[in-house]
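Here are the chains, one letter per residue:
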Amino acid sequence: MTLASELGRSSRCCLSRVGVPVAAAQRLATRAAGEFSASGDEVGDKNADVFDRELKSKQRDRAAWFMHESDPILDTVTENLLDRLEDCKRMFPTALNLGGALDHVQRMLHGRGGIERLISMDTSVDMIGRSKRLAAMDGVTGEEAKRSALENMQIIADEEYLPFQAGSLDVVISSLGLHWVNDLPGAMSQCRTALKPDGLFLAAMFGGETLRELRIACTVAQLEREGGVSPRISPLAQVRDAGNLLTRAGFALPTVDVDEYTVRYPSAMELIEHLRSMGEVNAVRQRSLVMSRDTALATASIYQSMFGESDGTIPATFQVIYMAGWSPDISQKQPKRRGSATVSFQDLQTAFPPDAFSKTSDDPKSTSTTKSITELASESKERERTGHNESEETSRTTRLPSGSWFKLD
Amino acid sequence: MVRGGILVKHAAFNTSLLQYLACPLSKDPLRYCEKSQELVNDSLGVAYPIIDGIACLVPSRGRLVEKLPKDPEPDPAAGR
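The rules behind each value
- Residues numbered from 1 in each chain as written.
- Chains lettered and ligands numbered in written order.
- Predicted model: local features only at pLDDT ≥ 70, side-chain atom pairs only at ≥ 80, totals over all residues.
- Heavy atoms only, no water.
- UniProt positions renumbered as here; feature names shortened; annotations may be inferred.
- Axes fitted to C-alpha atoms, helices over the stretch in contact; angles between N-to-C directions.
- Helix = DSSP H or I, 4+ residues; strand = E, 2+ residues; numbered from the N terminus.
- Parallel < 35°, antiparallel > 145°, perpendicular 65-115°, else oblique.
- Contact = heavy atoms within 4.5 Å.
- Nonpolar A, V, L, I, M, F, W, Y, C, P; charged D, E, K, R; others polar.
- Expected span 1.5 Å × (residues − 1).
- Buried < 20%, exposed > 50% of the residue type's maximum accessible area, 1.4 Å probe, protein only.
- Salt bridge = Lys/Arg side-chain N within 4 Å of Asp/Glu carboxyl O.
- Phe/Tyr/Trp six-rings, centres within 6.5 Å; stacked < 30°, edge-to-face > 60°.
- Lys NZ or Arg CZ within 6 Å of the ring centre and 35° of its normal.
- pLDDT = per-residue confidence, 0-100.

- Under an unreviewed UniProt entry, the name given to chain B is Protein preY, mitochondrial, and the organism recorded is Sphagnum troendelagicum.
- Here chain B is described in UniProt, under the heading Sequence similarities (unreviewed entry), as follows: "Belongs to the PREY family."

- Identification of chain A as Methyltransferase type 11 domain-containing protein from Sphagnum jensenii is taken from an unreviewed UniProt entry.

What follows is the structure, encoded as structure tokens:
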């Protein structure tokens, strides 16, 4: 039973003991329950329950013991993400480290971005314990003076219920931590509220192309052996949705970029072991709870036959989407108000006539300067039909949206 | 693998975190109760445990605190 409903129930019980009429008690109960979801659209859609969060935290508990000190994928992604901190001149004293590659962020930070306090947050107790041991080890051995200058704090919390006061954090960093969150827009919106104005939100998530080969192999094997398909790979955000997520959460100046890493494994079993050690095993609620040995072996062999390389290894794709957004602030550039334009497109054409850029000046129409866009388009069509003398130059020409040809040099 | 050799002292809760933390459900500021090692949200009547010096602010771990009228505060707030 959720805390909300329990609170509702207990307040109802309290009040009925005191003698308040039942109808009023019920109203109070619904108000108490409603309070939790009434903070606007921050808490978001409660019906999106794709992932089993408790199972995920247990899987991460196990991964905390399996994980190696340095992991090639996690290290590369974290390094790329933290590099983005150096692109800003600003200092961010207080940082929140949302789950995922927690201790990798802690270890690789090296004081970038002027971070003095790092609050690490995860749902899994053992992951946090690991992060604490890492922090303690630095204190004991005294290595890397820069690292021990970082004040490390840990809490156990859920990304969907962010326990931070509004306007308390300078930067939120999430290295591969948000792709197991049920209500992603709600979580990101809570991050935005928790950030100070002009605070930075940096996240790296796995994208839709991740483990594409494994997804195909699993589907084919299941269709062959079991006659049906159940989700073996979790649904992942698509690149085109990442920008929408940022704007929906209310971030200004959103940036999204994508990177793809291909890792080679001797066989599918090593891939699965690696995923287990990162805590990335399946936690989708609708998954089939049984996997027969036949299906597992069939998956491995299909993977090998469909995607195997010449030297016997298999590739696995990891597509990472890096998102960055700033919490709104008046110091940021705003788009101009509609109707406040001072220059018209006609003026632009006058100032930059389309033919001024092309090297072939034998065009009879090059003298006229003010043309409409349709005239330009028809011109270029004529040139296309008749202009074979331009064919050897077409490899170096490119077409402007207005339809005229622009010569590259 | 258990990391042998490093004994992490049982750390007390870091009270400087209080300026950042809030209740995960209603975002109200929390009160630290040293005696019962909990972070209490007085307006909603929920207390979150602190395990081994680490605050556990997951809604499912919250304990309901009965808020009857004229109830004296259970413990004096030590770190505020």
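## Remarks on the packing of helix α11 (residues 268–278) of chain A against helix α12 (residues 293–307) of chain A
All names here are of chain A.
Part 1 of the reasoning: Packing of α11 against α12 brings their axes to within 9 Å, and their N-to-C directions diverge by 110°. One finds that α11 runs roughly perpendicular with respect to α12. Listed contacts from α12 to Ala268, Met269 and Leu271 of α11 are Ala296, Leu297, Ala300 and Tyr303.
Part 2 of the reasoning: Of the residues in the contact of α11 with α12, the class split is 7 nonpolar, no polar and no charged.

## Observations concerning helix α4 (residues 72–83) of chain A
Along an α-helix, residues three or four positions apart point the same way, because every turn accommodates 3.6 residues.
Part 1 of the reasoning: Helix length check: α4(A), at 12 residues, gives a terminal C-alpha distance of 16 Å against a target of 16 Å (1.5 Å per residue), a fit within 8%.
Part 2 of the reasoning: Taken together, the buried positions of α4(A) are A:Ile73, A:Leu74, A:Asp75, A:Val77, A:Thr78, A:Leu81 and A:Leu82.

## Structural notes on the pattern of salt bridges
Residues and elements named next belong to chain A.
Part 1 of the reasoning: All told, the structure shown has 17 salt bridges over all chains when counted by the stated rule.
Part 2 of the reasoning: Close ionic contact of Glu213 with Arg212 constitutes a salt bridge, the shortest N to O distance being 3.7 Å.
Part 3 of the reasoning: Note that Arg264 is salt-bridged to Glu309, the shortest N-O span being 3.6 Å. Placement of Arg264 in strand β6 (residues 252–265) and of Glu309 in the loop between α12 and β7 (314–326) is noted, with a sequence separation of 45 residues between them.
Part 4 of the reasoning: In this structure Glu309 comes out as partly exposed when scored by relative accessible area, which is 34%.
Part 5 of the reasoning: Three or more residues joined by partner-sharing salt bridges are found here, namely Arg53, Asp158, Glu159 and Glu160.

## Considerations on the packing of aromatic side chains
All names here are of chain A.
Part 1 of the reasoning: For the structure shown, the criterion picks out 5 aromatic pairs over all chains.
Part 2 of the reasoning: Seen in terms of ring centroids, Phe92 and Trp326 are 6.2 Å apart; in terms of plane orientation they differ by 40°. Their pairing is tilted. Highlighted residues: Phe92 in the loop between α4 and β1 (94–98) and Trp326 in strand β7, separated in sequence by 234 residues.
Part 3 of the reasoning: By relative accessible area, Trp326 is classed as buried at 17%.
Part 4 of the reasoning: Their ring planes at 15° and their centres at 4.8 Å tell us that Phe201 and Phe251 sit as a pair that is stacked. Highlighted residues: Phe201 in strand β5 (residues 195–206) and Phe251 in the loop between α10 (239–248) and β6, separated in sequence by 50 residues.
Part 5 of the reasoning: Taking the relative accessible area as the measure of exposure, Phe201 reaches 0% and is therefore buried.
Part 6 of the reasoning: On the basis of relative accessibility, which here comes to 4%, the residue Phe251 falls in the buried class.
Part 7 of the reasoning: In this structure, Lys56 packs its charged tip against the face of Trp180, placed 3.8 Å from the ring centre.
Part 8 of the reasoning: Directly above the ring of Tyr322 sits Arg84, whose terminal nitrogen or CZ lies 4.3 Å from the centroid.

## Looking at the confidence of the model for chain A
Low pLDDT marks regions whose predicted coordinates should not be analysed in detail.
Residue and element names in this part refer to chain A.
Part 1 of the reasoning: Summary statistics for chain A give a mean pLDDT of 75 and a share of 72% for residues scoring 70 or more.
Part 2 of the reasoning: Low pLDDT, under 50, characterises residues 1–45; the stretch is placed with 43 contacts to residues that sit more than four places away or in other chains.
Part 3 of the reasoning: Segment residues 386–395: pLDDT under 50, and 5 contacts once partners within four positions in sequence are set aside and those in other chains are kept.

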